[in-house]
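# An overview of the molecular structure
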Amino acid sequence: MLLGCLLAVAVAAACSVIDFRLGAVVLAVVPAGLAGFRALPPPWTEVWANRSKAVDITTCLLFAGLLVGLAFLVPLTR
(Lines give C-alpha, C1' and ligand atoms only; values in the text may rest on other atoms or scores of the structure.)
Protein backbone atom coordinates (compact mmCIF):
# COMPACT_ATOMS: atom_id res chain seq x y z
CA MET A 1 0.00 0.00 0.00
CA LEU A 2 2.77 2.42 0.93
CA LEU A 3 4.72 1.63 -2.22
CA GLY A 4 1.64 2.40 -4.31
CA CYS A 5 1.22 5.75 -2.56
CA LEU A 6 4.87 6.63 -3.09
CA LEU A 7 4.66 5.72 -6.78
CA ALA A 8 1.55 7.88 -7.11
CA VAL A 9 3.38 10.82 -5.53
CA ALA A 10 6.27 10.36 -7.96
CA VAL A 11 3.92 10.17 -10.96
CA ALA A 12 1.99 13.22 -9.70
CA ALA A 13 5.25 15.15 -9.34
CA ALA A 14 6.19 14.26 -12.90
CA CYS A 15 2.74 15.36 -14.11
CA SER A 16 3.07 18.63 -12.17
CA VAL A 17 5.88 19.61 -14.50
CA ILE A 18 3.34 19.52 -17.33
CA ASP A 19 0.52 21.19 -15.37
CA PHE A 20 -0.06 21.79 -11.66
CA ARG A 21 -3.70 20.78 -11.93
CA LEU A 22 -2.88 17.57 -13.75
CA GLY A 23 -0.54 16.60 -10.92
CA ALA A 24 -3.26 17.26 -8.35
CA VAL A 25 -5.81 15.19 -10.25
CA VAL A 26 -3.34 12.31 -10.59
CA LEU A 27 -2.57 12.54 -6.88
CA ALA A 28 -6.30 12.57 -6.04
CA VAL A 29 -6.73 9.23 -7.80
CA VAL A 30 -4.91 7.53 -4.89
CA PRO A 31 -7.47 8.26 -2.12
CA ALA A 32 -10.31 7.71 -4.59
CA GLY A 33 -8.81 4.31 -5.40
CA LEU A 34 -8.47 3.54 -1.70
CA ALA A 35 -12.15 4.38 -1.26
CA GLY A 36 -13.00 1.98 -4.08
CA PHE A 37 -10.79 -0.67 -2.51
CA ARG A 38 -12.51 -0.17 0.83
CA ALA A 39 -15.93 -0.60 -0.78
CA LEU A 40 -15.06 -4.12 -2.02
CA PRO A 41 -16.67 -7.16 -0.37
CA PRO A 42 -15.22 -8.71 2.84
CA PRO A 43 -12.36 -10.93 1.60
CA TRP A 44 -10.56 -7.86 0.24
CA THR A 45 -11.14 -5.63 3.25
CA GLU A 46 -9.59 -7.75 6.00
CA VAL A 47 -6.90 -5.07 6.46
CA TRP A 48 -9.29 -2.59 8.06
CA ALA A 49 -11.01 -3.92 11.14
CA ASN A 50 -11.26 -1.03 13.58
CA ARG A 51 -13.29 1.59 11.66
CA SER A 52 -16.53 1.60 9.78
CA LYS A 53 -16.55 1.37 5.99
CA ALA A 54 -18.63 4.52 5.59
CA VAL A 55 -16.12 6.61 7.55
CA ASP A 56 -13.16 5.35 5.50
CA ILE A 57 -14.90 5.79 2.16
CA THR A 58 -16.21 9.25 3.05
CA THR A 59 -12.83 10.42 4.33
CA CYS A 60 -10.97 9.22 1.23
CA LEU A 61 -13.48 10.73 -1.20
CA LEU A 62 -13.58 13.99 0.76
CA PHE A 63 -9.78 14.24 0.66
CA ALA A 64 -9.70 13.52 -3.09
CA GLY A 65 -12.41 16.10 -3.76
CA LEU A 66 -10.71 18.74 -1.63
CA LEU A 67 -7.39 18.12 -3.37
CA VAL A 68 -8.88 18.57 -6.82
CA GLY A 69 -10.96 21.55 -5.67
CA LEU A 70 -7.91 23.26 -4.19
CA ALA A 71 -5.95 22.65 -7.37
CA PHE A 72 -8.57 24.46 -9.43
CA LEU A 73 -8.93 27.33 -6.94
CA VAL A 74 -5.23 28.19 -6.93
CA PRO A 75 -4.60 30.72 -9.71
CA LEU A 76 -1.88 30.03 -12.25
CA THR A 77 0.90 32.62 -12.04
CA ARG A 78 2.70 32.15 -15.30
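As recorded in an unreviewed UniProt entry, the protein goes by DUF3017 domain-containing protein and comes from Brevibacterium permense.

Another point: the overall build of the protein. Within the protein, the regular secondary structure consists of three helices and zero strands. The helix and strand sequence of the protein, counted from the amino end, reads α-α-α. For the protein, with 78 residues in total, the buried portion stands at 22%. Element-wise, carbon and sulfur atoms account for 78% of the exposed surface of the protein, whose accessible area totals about 5500 Å².

So, on to the UniProt feature "transmembrane region" (unreviewed entry) in the protein. According to UniProt, the "transmembrane region" (unreviewed entry) feature falls on residues 24–41 and 53–74. Spanning residues 24–41, this segment combines 83% helix with 0% strand, and its end C-alpha atoms are found 29 Å apart. Helix makes up 95% of residues 53–74 and strand 0%, with an end-to-end C-alpha separation of 32 Å.

Geometry of a packed helix pair, given as the angle between the helix axes and the separation of the axes. Where helix α2 (residues 20–38) contacts helix α3 (residues 53–73), the axes come no closer than 8 Å and their chain directions differ by 170°. On the basis of their axis angle, the class for α2 and α3 is roughly antiparallel. Within the contact between the two elements, α2 uses F20, R21, A24, V25, L27, A28, P31, A32, L34, A35 and R38 and α3 uses K53, D56, I57, C60, L61, F63, A64, L67, V68, A71 and F72. Its residues placed into classes, the contact of α2 with α3 shows 18 nonpolar, no polar and four charged.

Together, F20, L70, V74 and L76 make up an exposed nonpolar region whose accessible area comes to about 350 Å². By the secondary structure assignment, L76 is in the segment after α3. Exposure remark for L76: the relative accessible area of 48% places this residue in the partly exposed category.

Another aspect to go through is the environment of F72. Mapped onto the fold, F72 is located in helix α3. C-alpha of F72 to C-alpha of L22: the two residues are 50 residues apart in sequence and 9.9 Å apart in space. Sequence-distant contacts of F72, defined by excluding residues within four places in its chain, comprise R21 and V25.

Quick look at α3 now. Under the 1.5 Å per step criterion, the end-to-end length of α3 is 30 Å for 21 residues, consistent within 8% with the ideal 30 Å. Those residues of α3 not exposed but buried are D56, C60, A64, L67 and A71. The buried residues of α3 all sit within an arc of 60° when viewed along its axis, so they share a single face. Residues T58, L62, L66, L70 and L73 are exposed on α3 and point more than 90 degrees away from its buried face.

Rules and cut-offs
Residues numbered from 1 in each chain as written. Predicted model: local features only at pLDDT ≥ 70, side-chain atom pairs only at ≥ 80, totals over all residues. Heavy atoms only, no water. Helix = DSSP H or I, 4+ residues; strand = E, 2+ residues; numbered from the N terminus. Buried < 20%, exposed > 50% of the residue type's maximum accessible area, 1.4 Å probe, protein only. Areas by Shrake-Rupley, 256 points an atom, 1.4 Å probe, with all protein chains shown as cover. UniProt positions renumbered as here; feature names shortened; annotations may be inferred. Axes fitted to C-alpha atoms, helices over the stretch in contact; angles between N-to-C directions. Parallel < 35°, antiparallel > 145°, perpendicular 65-115°, else oblique. Contact = heavy atoms within 4.5 Å. Nonpolar A, V, L, I, M, F, W, Y, C, P; charged D, E, K, R; others polar. Patch = residues over 30% accessible without salt bridge, like charges linked within 9 Å, V, L, I, M, F, W, Y side chains within 5 Å. Salt bridge = Lys/Arg side-chain N within 4 Å of Asp/Glu carboxyl O. Expected span 1.5 Å × (residues − 1). Arc of directions from axis to C-beta.

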